[in-house]
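A look at the structure
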Amino acid sequence: MTLRLEPVTFSDLPGWQDDDPTAVIEALRRCHHHVSTAKPYRTGSLGISVDDLMPAFSAASMNVADAAAARAFFEQQFVAFSIRPETGKTGFVTAFYEPEIEVQATADDTFRYPIYRRPIDLVDIDDTNRPVDMDPYFAFGRLHDGVVGEYPDRPAIEQGFLAGRGLEIAYARSKVDVFFVHVQGAARLVYPDGSRRRITYAAKTGHYFSPIGKLLIDRGEIDAATVSMMSIRGWLAANPDQVDEVLWHNRSFIFFREADVHDERLGPVAAAKVSLEPGRSLAVDRLIHTFGVPFFISSDSLTRLDAGQPFRHLMLALDTGSAIVGPARGDIFTGSGDVAGELAGAVRNDADFYIFIPRAAAARYGNG
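Summary of the structure given here. (Residues numbered from 1 in each chain as written. Predicted model: local features only at pLDDT ≥ 70, side-chain atom pairs only at ≥ 80, totals over all residues. Heavy atoms only, no water.)

On to the overall build of the protein. Assigned secondary structure in the protein consists of ten helices and 17 strands. Relative to its length of 368 residues, the protein is compact, with a C-alpha radius of gyration of 21 Å against a globular reference of 21 Å. A principal-axis box enclosing the C-alpha atoms of the protein has dimensions of 60 × 50 × 45 Å. By sequence separation, contacts in the protein at least 24 residues apart represent 78% of the contacts at least 6 residues apart. (Helix = DSSP H or I, 4+ residues; strand = E, 2+ residues; numbered from the N terminus. Rg over C-alpha atoms; globule rule 2.2 N^0.38 Å. Contact = heavy atoms within 4.5 Å.)

The structure is reproduced here in structure tokens:
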């Protein structure tokens, strides 16, 4: 792991005195409930464990009166460190959201693009059952006639490999909509009677994620300086005869499970097994970082999320993603629906990362 941690005072954090991290405390309470009733989070290579976090988790049960009290809570429970990647580069943030799409339970001429549950022949792969010739990247494979192999990819599935197995959760009207649900890993489904269900990530085929935005940039179809989800969607809409070719460039295919929408305000249950807090949840590299750890993110160039003001907010590590790699790399959850999608779609900004380490553990990192 190539990073340096430098202790900083809370007054060193740009915009800390103007932030209201109350919602982060609410998310800490949800983490506390999960690790107390289910199982602890895996400790990342940085070494911050759930045991280290438990004093802060427990203290989060106390009521917080206002933003100042919320900041005081974090100042009492944590020591702030600046994350300095050894590459000399700054950190980098993108954003994600929960799409909301209209669906039907059965297919017709309009709603004909399925969202699939996990197939029974898709199995988890690890060192105990991985074939010697299988890429170590693969965490999933197909068990067929007692033999584990690579699962069919996006082109094969979209051409009918799973048809007729009863795996369809619902049908959407747009193949592109379904593709971006795969990219985000979750969605709210709106049925004709107005009822709403949620789908969240269950598994994937295991193939590498290949960004179609990069493909279109490399082909000269989209300007790298202005690429966004909206510009990619616009190109796909203008080139319907090339949609399959471009989408199939990304061989990775995602499977989902159904869930109720218990709280309209909160996002889906993510990798940390708690609901995402809009605007305050961060996807991180889980090989390095541990879920439930707070991060303060500061970006002068990221102004689209705060009405033109630089982004300066405390976040909580609650999710991960295959594209989120490195100690100072994060993906901000903006919320659910079209507005959240428009906010998320063009976030690609340099940012400074500050990690909050529990006081009892801070001495291990050069500050007690």
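In the contact formed by helix H5 (residues 175-184) and helix H7 (residues 229-238), the axes pass within 12 Å of each other and the chain directions differ by 155°. By the angle between their axes, H5 is roughly antiparallel relative to H7. When the axes of H5 and H7 are compared, the crossing they make is right-handed. Where H5 abuts H7, its residues Val176, Asp177, Phe180 and Gln184 lie against Met229, Ile232, Arg233 and Leu236. Of the residues in the contact of H5 with H7, the class split is five nonpolar, one polar and two charged. (Axes fitted to C-alpha atoms, helices over the stretch in contact; angles between N-to-C directions. Parallel < 35°, antiparallel > 145°, perpendicular 65-115°, else oblique. Left-handed = near helix turned anticlockwise from the far one by under 90°. Nonpolar A, V, L, I, M, F, W, Y, C, P; charged D, E, K, R; others polar.)

Strand order in the open sheet formed by six strands is S5-S9-S4-S10-S11-S12, with mixed pairing between adjacent strands. Taken across any chain shown, the strands that pair with only one partner, and hence form the sheet edges, are strand S5 (113-116) and strand S12 (254-259). In this sheet, adjacent strand axes meet at a mean angle of 45° when their direction is disregarded. The sheet contact formed by strand S4 (residues 100-104) and strand S10 (residues 186-190) spans three bridges and is parallel. Counterpart to Glu100 in the pairing with S10 is Arg188. (Pairing = 2+ DSSP bridges.)

A sheet is described by the order of its strands in space; here three strands give the open sequence S6-S7-S8, paired in antiparallel fashion. The sheet terminates laterally at strand S6 (122-124) and strand S8 (147-149), the two strands that pair on one side only. Geometrically, the sheet is characterised by an average inter-axis angle of 45° between neighbouring strands, direction not taken into account. For S6 and strand S7 (residues 140-144), the ladder comprises three bridges, and the chain directions are antiparallel. In the sheet register, Asp124 faces S7, and the bridge partner there is Phe140.

With that settled, consider the packing of helix H1 (residues 22-37) against helix H2 (residues 50-59). The geometry of H1 relative to H2 is characterised by a closest axis approach of 9 Å and an angle of 125° between their N-to-C directions. In terms of their interaxial angle, H1 and H2 are classed as oblique. The chirality of how H1 crosses H2 is left-handed. Along the contact surface, H1 presents Leu28, Cys31, His32, Val35 and Ser36, while H2 presents Val50, Met54, Phe57 and Ser58. Among the residues forming the contact of H1 with H2, the class breakdown is six nonpolar, three polar and no charged.

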